[in-house]
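# Descriptive analysis of the structure
So you can see what is in the structure, the chains are spelled out below.
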Amino acid sequence: MEPSTSAGAGRPSRRDFLKTTGALTAGIALGTQTTARAQGEALAVNGGPKTVTAPHDAAIHWPQYGKDEEEAMLAMLRAPSYDAVKQLEDEWAQFLGVPYAKAHCNGTSALASMFFALNLPAGSEIMAPSYTFFATIMPMRFFGLVPVFVDINPHTLNFDLEDAKKRLTPNTKAVLPVHWIGLPADMDLIGDWAKEKGLIVCEDAAHSQGSRLKGKHMGTWGRMSITSYQMTKALPGIEGGMGMYQDKEDFERATSLGNYDMPGIDKNGNYFKYKGSGLGLKFRMHPMAAALVRCQLKGLVARNEVGAKQVRAMNDRLAQLPGLYEQSSGRKDMQRMHYAWNMLFIDEKEAGMTRDAAVKALQAEGVKADALHYTLQHELPVYREEGWWHHLPTIPDLPGSVKANATSIALPYFTSEAPELVEQYVKAFEKVWAHRTELS
Ligand SMILES: Cc1ncc(COP(=O)(O)O)c(C=O)c1O
């Protein structure tokens with residue numbers, strides 16, 4: 001997913017109150033001053049003053065490259081070498097705590113190598129969400145693999161295990177959850193079920209660099225996983241990717257597809273004999289991209305923490321508004337980071353206004369709110385055309401994915417501290433909510 005710009009379980013106690021007592025008394029709940037001022041001011045959409053006046057540029061500026069990155073690029077120009085690729089593989093494997101890692105030219109090629117490494121018979125099926133980027137699924141077709149589209153939970157935007165249980169087929173061999181915009185999927189529960197059903201667990205961790213479940217990094221729960229270093233990602237190399245493997249066999253088989261020179265391959269292993277030819281493709285990562293990601297990795301945890309703290313500061317107050325929820329699983333054993341969006345959801349009935357009315361009013365207040373409709377893969381023509389697949393994928397109804405697209409309000413993820421903007425965003429939401437009967 002390449003968002004164009006450089007943009008869960010609320011505690012309903014106050015909400016229950018608001019649900020029952022409507023707008024006016026909501027004023028009390030929102031704090032009389034807040035509401036009085038919020039109600040006093042006309043909505044910008046109706047000609048009133050705009051609430052958000054602070055500039056966005058610095059808050060959404062991405063990637064944030066500085067002196068280190070510039071020096072690394074200059075050094076590479078003066079003495080070009082591929083060393084940074086192996087160095088990044090080692091540093092990333094150590095950061096995650098994964099035995100094997102192979103750098104790739106992008107995340108999509110890392111997915112292709114992973115599908116190849118699965119070494120499954122043609123016609124085998126892999127469960128994956130339809131609410132994802134093309135890359136999670138499309139490379140399957142080159143290896144005779146066919147997707148089983150699984151629904152998402154509309155509050156987490158992640159793989160819905162209960163839906164997957166209903167879609168298991170005799171050909172299903174693996175599951176491939178995605179940790180959407182940084183929120184970990186329930187890999188412990190998915191892993192237990194997969195084990196019970198004899199399915200291989202893989203992960204698309206393109207969005208979740210630094211997220212953890214039960215202290216364990218995303219990308220280390222599956223037998224294999226991938227990540228992306230595309231320019232918008234939390235670790236931007238402009239382009240780039242990585243495959244992560246628990247098993248040596250998978251690492252060597254994945255490496256052999258896109259590396260004719262067999263880097264790091266055991267001379268006594270099954271794949272070293274392919275040195276000189278490889279198995280067909282060249283997925284080597286550009287060393288400049290590797291050098292950029294090495295610089296960025298140093299500050300990843302700190303950047304993620306600043307960003308998450310700021311989202312918390314905003315969402316803890318927004319979650320007080322009736323019918324407004326954040327992307328959350330409510331699990332306390334997760335440590336998430338954020339990527340691309342701070343995703344909210346509106347319950348129109350509870351909020352007493354439509355999403356479109358809310359988003360239009362918020363935009364007029366200066367909020368970069370987007371009634372986001374994310375492309376659902378299963379709705380695309382390529383999955384209905386014979387020639388591309390071993391056999392045609394089943395095109396399902398996915399109510400959770402449809403609901404997510406009907407209720408999402410995407411806010412930009414502020415990649416650096418912006419207290420004034422956060423304050424103005426909260427004020428804008430409170431103002432719009434204070435006028436929601438007007439908007440209904
Ligand atoms: C969920 C997901 N998987 C895979 C990828 C592929 O990564 P890349 O763009 O590096 O090929 C992306 C990228 O943007 C993504 O959003």
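Remember, it's a predicted structure, so these values are computed and weren't measured experimentally.

### Focus: the overall build of the chain
Across its full length, the chain holds 15 helices and 15 strands. Here the C-alpha radius of gyration of the chain, 23 Å, is about what a compact globule of 440 residues would show, namely 22 Å. Reported as C-alpha extents along the three principal axes, the dimensions of the chain are approximately 75 × 55 × 35 Å. The buried share of the chain, taken over its 440 residues, is 58%. Of the accessible surface of the chain, which amounts to about 18,000 Å², a share of 55% is contributed by carbon and sulfur atoms.

### What about the confidence of the model for the chain?
The predicted model of the chain has a mean per-residue pLDDT of 93, with 91% of residues at 70 or higher. Low pLDDT, under 50, characterises residues 4–30; the stretch is placed with 48 contacts to residues that sit more than four places away or in other chains.

### Brief notes about helix H9 (residues 248–258)
Counting buried positions over the 11 residues of H9 gives nine, a clear majority of the element. Among all positions in H9, only Asp250, Phe251, Glu252, Arg253, Ala254, Thr255, Ser256, Leu257 and Gly258 are buried.

### Thoughts on helix H6 (residues 107–118)
The end-to-end C-alpha separation of H6 is 17 Å, in line with the 16 Å expected for 12 residues at 1.5 Å each. Most of H6 is tucked away, with 11 of its 12 residues classed as buried. Residues of H6 that are buried include every one of Gly107, Ser109, Ala110, Leu111, Ala112, Ser113, Met114, Phe115, Phe116, Ala117 and Leu118, and no others. For H6, the elements touching its buried residues are strand E1 (100–104), strand E2 (125–129), strand E7 (200–204), strand E10 (224–228), strand E11 (241–245) and H9. A side-chain oxygen of the first residue of H6 lies 3.2 Å from the backbone nitrogen of Thr108; this N-cap is Asn106.

### Thoughts on the domain arrangement of the chain
The domain boundaries assigned to the chain delineate domain 1 (14–62 + 300–439) and domain 2 (67–297). Put simply, the middle of domain 1 and the middle of domain 2, counted by C-alpha atoms, are 30 Å apart. Each side of the interface is counted separately: domain 1 has 45 residues, and domain 2 has 54 residues. Our enumeration of links across domain 1 and domain 2 arrives at two salt bridges. Here Arg331 ties to Asp186 by a salt bridge, and the two come within 3.1 Å at their closest N and O atoms. Counting across the domain 1 and domain 2 interface gives 26 residue pairs in polar contact (both at pLDDT 80 or more). At the level of elements, helix H10 (287–318), strand E13 (334–335), strand E14 (341–346) and helix H13 (399–407) are the ones that each hand at least two residues to the side of domain 1 that touches domain 2. For the side of domain 1 that touches domain 2, the element with the highest residue contribution is H13, accounting for six residues.

### Side note on the sheet that holds strand E9 (residues 216–217)
In space, the three strands of this open sheet follow the order E9-E8-E13, with antiparallel pairing throughout. What marks the edges here is a single partner per strand, and that holds for E9 and E13. Of the pairings in the sheet, the one linking strand E8 (residues 212–213) to E9 comprises two bridges and is antiparallel in character. What sits directly across from Arg212, in E9, is His217.

### A word on the sheet that holds E1
In spatial order, the strands read E1-E11-E10-E7-E6-E2-E3; together these seven strands make up an open sheet with mixed pairing. Edge positions in the open sheet fall to E1 and strand E3 (146–150), since each of these has one partner strand only. When the angles between neighbouring strand axes are averaged without regard to direction, this sheet yields 25°. Relative to E7, strand E6 (residues 172–175) runs parallel, the two sharing two bridges. When the sheet's bridge partners are listed, Val175 is paired in E7 with Val201.

### As for the environment of Gly97
In this structure, Gly97 sits in the loop between helix H5 (83–96) and E1. Gly97 sits 147 residues away from Met244 along the chain, and the two C-alpha atoms are 10.0 Å apart.

### Observations concerning the nonpolar core
In this structure, Tyr131, Met285 and Met343 are the most contacted members of the largest nonpolar core, which totals 43 residues. Excluding anything up to four places from it in sequence, Met285 contacts Val85, Leu88, Ala103, His104, Cys105, Tyr229, Glu239, Gly240, Gly241, Ala290 and Val293. One finds Ile200, Ala254, Met262 and Leu398 within the second-largest nonpolar core, a separate group that totals 37 residues.

### A few points about the pattern of salt bridges
Note on pairing: side chains with opposite charge can pair once their charged atoms come close. Overall, the coordinates contain 20 salt bridges when judged by the stated rule. Taking the shortest distance from any N to any O, the salt bridge between Asp247 and Arg223 comes out at 3.9 Å. Linking Asp247 in the loop between E11 and H9 with Arg223 in the loop between E9 and E10, this pair joins segments that are 24 residues apart in sequence. Look at Arg223 and you get partly exposed, because its relative accessible area is 27%. In the salt-bridge network here, residues are joined through shared partners; they are Asp186, Asp188, Lys214, Arg331 and Asp333.

Cut-offs applied
- Residues numbered from 1 in each chain as written.
- Predicted model: local features only at pLDDT ≥ 70, side-chain atom pairs only at ≥ 80, totals over all residues.
- Heavy atoms only, no water.
- Helix = DSSP H or I, 4+ residues; strand = E, 2+ residues; numbered from the N terminus.
- Rg over C-alpha atoms; globule rule 2.2 N^0.38 Å.
- Buried < 20%, exposed > 50% of the residue type's maximum accessible area, 1.4 Å probe, protein only.
- Areas by Shrake-Rupley, 256 points an atom, 1.4 Å probe, with all protein chains shown as cover.
- pLDDT = per-residue confidence, 0-100.
- Contact = heavy atoms within 4.5 Å.
- Expected span 1.5 Å × (residues − 1).
- Polar contact = N/O pair within 3.5 Å; in protein donor to acceptor, adjacent residues only side chain to side chain.
- Domains from an automatic or database assignment.
- Salt bridge = Lys/Arg side-chain N within 4 Å of Asp/Glu carboxyl O.
- Pairing = 2+ DSSP bridges.
- Axes fitted to C-alpha atoms, helices over the stretch in contact; angles between N-to-C directions.
- Core = buried A, V, L, I, M, F, W, Y, C linked by side-chain atoms within 4.5 Å.

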